Amino acid sequence: RVSYALGFLLCVESVLVIDSMERQIDLRGHAEKVRVVMTVRNEGSKPENSMLLAFSEERHQNLSYAKVNSGKSKLLVRQIDDKGPDGEVLYKASLSKALGPNQARKLTVILGFMGILVPYPQYVKQNDPHLVKYNGCLYVTSPYLVKKQTTTIKLSTPNVISSTKAKPHSHKGDKITYGPYTNIKAYTHKALSLHFESKAEFSTVTEMEREIKVCHWGGVVFTETYNLRNSGAYLKDVFSRIEYERMQRGSSFDFLTAKLPANSYGIDYRDDIGNISTSNVRETSKGVVMEMRPRFPLFGGWHTVFKLFYTVPIMQLVKSIVGSSSYILNTTFSTPFEGLIVEDATIKIVLPEGSSNIKWVTPFAIDSVDTEVQKTYLDLTGRPVLVLKAKNLMRYHNQYFQVWYSYPSIMIHRGPLFVVIGFATFFACVIIASRLDLTIGSSTKDKTE
């Protein structure tokens, strides 16, 4: 029996029935993205206010993101302590409006999983295709009847080595369709496996530290450090630059694209050696696009460490709250690079010295929150730093989050005031020193007289 559950719904009293379910599995990248659209009907005699998402313990370890929408409303989803009949991990989705008896409602479930695609074989030559394996479930496992279900899988290439054969089943180009299947009983499990060629770049950030420093006299300065690794199949033989130039590049990648906020300036990209000039920056109607190349192509198992610097005008990201000395910082949480997944992320928000009443909110749960103090030039007590840590981030997590803080207006002028006082004190000391007579005893002329 296969214990994988791709994101199924439970109801404690088993009074819900799924009239129709359409599941789309996107395997075009190196993370699995699942979108399930279903029509749920309440066949009970009482209104239902919540539903449960459930995942097997193995599957839950790979879960990165979960969201449930009812129309344009985003439902609150949180993990609960209860377990399913086979030890499944449960998440409760609270309905914005109770589902009454004999009523039906369309729900959309968005799921993201990391570490699902496994290179097979694990070692390849430079000119070999990059083959991966995927294991999942043919049916969306449910504790109640599913009257109709269809699954569509999108691949990056039409080259499929092997796949689960289950009628009805079709394979056209880079798309595989299973179903429709009807009257699927509760807790029906059937394995789904694929072995196919992937053109995806397995670009994985093992560690990311993103420092966001707020300066009311300048801008919001971003300093981002990345430990980038290719998590695809390992290179079996030595690297050949000649074969690489002949487009025999296998599972490697040598190009990254970052979408920075509009009006970003002071953009710099460097590693431990120094500045890397193989980058291009252009402005678009939606922001600033930075295209960059590492010093060398990254094959499976290879990694590199680099830093990205840029500044955004403060008026663009920080707004003052009318009638108070409070401000709100509104910026994105995860990496601006497209296609990257982040295993371990640390976000540091460095606020101006003297900030207080710090509050924050993120659109999803994070792993830990901490505070620290950072001392820089012209600081007396240091700047408060809010440290947010999260794991397993993908493109769904690059959403806006907010940080509120109080900052008296007089503190804005303290830095320049220190500079003025410092220069005034220095010049005053020079003037006083130039007018002092530090000679000892009488001069020779006085002795002669």
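Residues numbered from 1 in each chain as written. Predicted model: local features only at pLDDT ≥ 70, side-chain atom pairs only at ≥ 80, totals over all residues. Heavy atoms only, no water.

Student: Pulling in residues and values, what's your account of the environment of Lys-389?
Tutor: Take Lys-389: it is sitting in strand β31 (residues 383-393). Separated by 42 residues in the primary sequence, Lys-389 and Ile-347 place their C-alpha atoms 6.2 Å from one another. Leaving out residues up to four positions away in the same chain, Lys-389 has contacts with Ala-345, Thr-346, Ile-366, Asp-367 and Ser-368. (Helix = DSSP H or I, 4+ residues; strand = E, 2+ residues; numbered from the N terminus. Contact = heavy atoms within 4.5 Å.)

Student: Residues and numbers for the sheet that holds strand β24 (residues 287-292), please.
Tutor: Taken in spatial order, the three strands of this open sheet run β21-β24-β23, and their pairing is antiparallel. Sheet topology places β21 (256-260) and β23 (279-284) at the edges, where each strand pairs with a single neighbour. When strand polarity is set aside, the average angle formed by the axes of neighbouring strands in this sheet is 20°. Here β23 pairs with β24 via six bridges, running antiparallel. Following the sheet pairing, Ser-279 is matched in β24 by Met-292. (Pairing = 2+ DSSP bridges. Axes fitted to C-alpha atoms, helices over the stretch in contact; angles between N-to-C directions.)

Student: Tell me about the layout of surface pockets, and name the residues and values.
Tutor: Reported here for the largest pocket is a volume of approximately 900 Å³. Looking at the largest pocket, it is lined by 39 residues, and the ones nearest its centre are Lys-259, Pro-336, Phe-337, Glu-338 and Asn-398. Looking at the lining of the largest pocket, the elements with two or more residues in it are β18 (203-214), β21, β24, α3 (314-317), β27 (326-332) and β28 (341-350). Top element by residues in the lining of the largest pocket is β21. It accounts for four residues. (1 Å grid on protein atoms, 1.4 Å probe; cavity = no way out; pocket = protein on both sides within 12 Å on 5 of 7 lines; lining within 4 Å. Points joined across faces, edges and corners; volume = space filled by probe spheres on them.)

Student: Outline the pairing of strand β16 (residues 175-184), listing residues and values.
Tutor: Note: strand β13 (residues 146-154) against β16, seven bridges, orientation antiparallel. Across the sheet, the residue bridging to Val-146 is Ile-184, located in β16. One ladder, built from four bridges, connects strand β15 (residues 169-172) with β16; its direction is antiparallel. In the sheet register, Ser-170 faces β16, and the bridge partner there is Thr-177.

Student: Now, about the packing of aromatic side chains: what can you tell me, with residues and values included?
Tutor: Centre-to-centre distance and the angle between the planes together describe a pair of aromatic rings. Inspection of every chain in the model, using the stated rule, returns 18 aromatic pairs. Taking the centre distance of 5.2 Å and the plane angle of 85° together, the rings of Phe-333 and Phe-364 count as edge-to-face. On the criterion of sequence distance, the pair formed by Phe-333 in the loop between β27 and β28 and Phe-364 in the loop between β29 (356-361) and β30 (368-374) is long-range, its members being 31 residues apart. The two residues Phe-333 and Phe-364 agree in class, both being buried. Site record: aromatic cluster; members linked through ring pairs are Tyr-226, Tyr-269, Phe-306 and Phe-337. When the ring centre of Phe-113 is taken as origin, the NZ or CZ atom of Arg-59, which lies over that ring, is 4.0 Å away. (Phe/Tyr/Trp six-rings, centres within 6.5 Å; stacked < 30°, edge-to-face > 60°. Buried < 20%, exposed > 50% of the residue type's maximum accessible area, 1.4 Å probe, protein only. Lys NZ or Arg CZ within 6 Å of the ring centre and 35° of its normal.)

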